[in-house]
Amino acid sequence: MALQCGIVGLPNVGKSTLFNCLSNAKAQAANFPFCTIEPNVGVITVPDERLTRLAELVHPGRIVPTTVEIVDIAGLVKGASQGEGLGNKFLANIRETDAIIHVLRCFDDENVTHVDGSVNPVRDKEIIDTELQLKDLETIESRIQKVQKQAQTGGDKQAKQVYDVLVQYKEALEQGLNARTVHFDSKDEQKIAHDLFLLTSKPVMYVCNVDEGSAVTGNRYVDMVREAVKDEQAEILVVAAKTEADIAELETYEDRQMFLEEIGLEESGVSRLIKSAYKLLNLETFITAGEMEVKAWTYHKGWKAPQCAGVIHTDFEKGFIRAEVIKYEDYIQYGSEAAVREAGKLSIEGKDYVVQDGDIMHFRFNV
């Protein structure tokens, strides 16, 4: 499944530097606004140590990790909802993504200009929030005009339901709240809400871009962000993008790990960001392991065995019979599928089995 996270932020906050660390695609990281005119897309491998450990036991022909697409979107400025800067293009690009990685500048550097003249990540966040909210409000008001008469006079139950959802969103947006703060109980309402594709309904992760000295502990700017988003239930990551760029230039894994240890980090910010983005999209991984390949497959948390079978091939879901499941820890402990079977640790699961992250699966089907 092609899933996308959009990297957004004001100009010169370090978006493109971070994107370059994430991807082989090299966006221009320059000290001026709008250097990224077209969205740059990078297909990012999701780090998963489990695949490496399984490969050591299975000796497959290849290892195939799962991926997430990262889109570097042109910097936003105040007035984008009215088309300022590259506003309309920005907003169109972000609408197509599944989640938002919002980069905030949390470092001082007199050599890197700030589009608003000073460093204030909370103000920067509010500028982007406001522009997205204004665009969503425009969408909502346009839809209300189309369904209001039907909902109030035509006796159309579906139109009334759509109207009720729109009104709840309108009230929240007019209060300066994001659409993701509005929750609906019924599945019908949830579907209506989903089909609106509102910009501020997307899950968001804030990435505080700091200097190298703040990579481990953060700084006063990060504390400001934490306070500002404490009621959003949003994830915050502290990353030193410039340092990550230096790490990415090192050729060997050992050199990169040594660099990380020197600055007090166990894992690179890029690796943490990719894993967090994967979780942000409410995704998990099941694995298939054989002589040809050890492969990770992406599915939505809570999916049942037939849905996961359909990720491999639609015929697997249509003709699903059963799933043979081995827990990752059992595979590692016993060392092979044959040994797991002999120990009675392989389970046979039916259509109602909810797949768990890290399950090693083999599907039986008949079409």
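About the thresholds
Residues numbered from 1 in each chain as written. Predicted model: local features only at pLDDT ≥ 70, side-chain atom pairs only at ≥ 80, totals over all residues. Heavy atoms only, no water. Helix = DSSP H or I, 4+ residues; strand = E, 2+ residues; numbered from the N terminus. Buried < 20%, exposed > 50% of the residue type's maximum accessible area, 1.4 Å probe, protein only. Areas by Shrake-Rupley, 256 points an atom, 1.4 Å probe, with all protein chains shown as cover. pLDDT = per-residue confidence, 0-100. Contact = heavy atoms within 4.5 Å. Phe/Tyr/Trp six-rings, centres within 6.5 Å; stacked < 30°, edge-to-face > 60°. Core = buried A, V, L, I, M, F, W, Y, C linked by side-chain atoms within 4.5 Å. Pairing = 2+ DSSP bridges. Disulfide = S-S within 2.5 Å. Salt bridge = Lys/Arg side-chain N within 4 Å of Asp/Glu carboxyl O.

Let's shift gears to the overall build of the chain. If you tally the helices and strands in the chain, you get 14 helices and 12 strands. Taking all 367 residues of the chain together, 48% fall into the buried category. Put simply, the chain shows about 18600 Å² of open surface, and 47% of that area lies on carbon and sulfur atoms.

This paragraph deals with the confidence of the model for the chain. Predicted confidence across the chain gives a mean pLDDT of 85, with 89% of residues reaching 70 or more. This stretch, residues 25-37, has a pLDDT under 50; its non-local contacts, to residues over four places away or in other chains, come to 34 contacts.

This brings us to the packing of aromatic side chains. Tallied over the entire structure, the rule returns six aromatic pairs. Grouped by ring-pair contacts, the aromatic residues Phe 286, Trp 297, Tyr 299, Phe 320 and Phe 363 constitute a single cluster.

With 57 residues, the main nonpolar core has Leu 22, Ile 70 and Ile 101 as its most contacted residues. Looking at this core, the element that brings in the most residues is helix H10 (residues 269-280), giving six residues. With residues up to four places along the chain from it excluded, the contact list for Ile 101 reads Cys 5, Gly 6, Ile 7, Val 8, Ile 70, Met 205, Val 207, Leu 273 and Ala 277. Judged by nonpolar contacts, the second largest core, of 20 residues, contains Ile 144, Phe 184, Ala 193 and Leu 196.

Our focus in this paragraph is unusual backbone geometry. The backbone of Phe 197 sits at a positive phi, close to 50°, despite the residue not being glycine. Structurally, Phe 197 can be placed in the loop between helix H6 (187-194) and strand E6 (204-209).

What follows covers the pairing of strand E1 (residues 4-8). Within E1, five of the five residues are buried, leaving the element largely enclosed by the surrounding structure. Where burial is concerned, the two faces of E1 agree: the one with Gln 4, Gly 6 and Val 8 and the one with Cys 5 and Ile 7 are both buried. Bridging between E1 and strand E4 (residues 67-72) involves four bridges; their strand directions are parallel. Each residue of the ladder has a partner; that of Gln 4, found in E4, is Glu 69. Across four bridges, the pairing between E1 and strand E5 (residues 99-105) is parallel. Considered in E5, the bridge of Cys 5 is made with Ala 99.

This paragraph deals with the state of the cysteines. Scanning the entire structure with this criterion turns up zero disulfides. No disulfide involves Cys 106; its sulfur sits 3.9 Å from that of Cys 208, the nearest cysteine. On the basis of relative accessibility, which here comes to 0%, the residue Cys 106 falls in the buried class. Residue Cys 208 is classed as buried on the basis of its relative accessible area, which comes to 0%.

Evaluated as defined, the whole model comprises 20 salt bridges. Residues Arg 50 and Asp 357 are paired through a salt bridge, measuring 3.2 Å at the closest nitrogen-oxygen approach. Taken as a pair, Arg 50 in helix H2 (residues 49-58) and Asp 357 in the loop between strand E11 (347-349) and strand E12 (360-365) lie far apart in primary sequence, 307 residues in all. Here Lys 230 and Glu 227 are joined by a salt bridge, their closest N and O atoms 2.7 Å apart.

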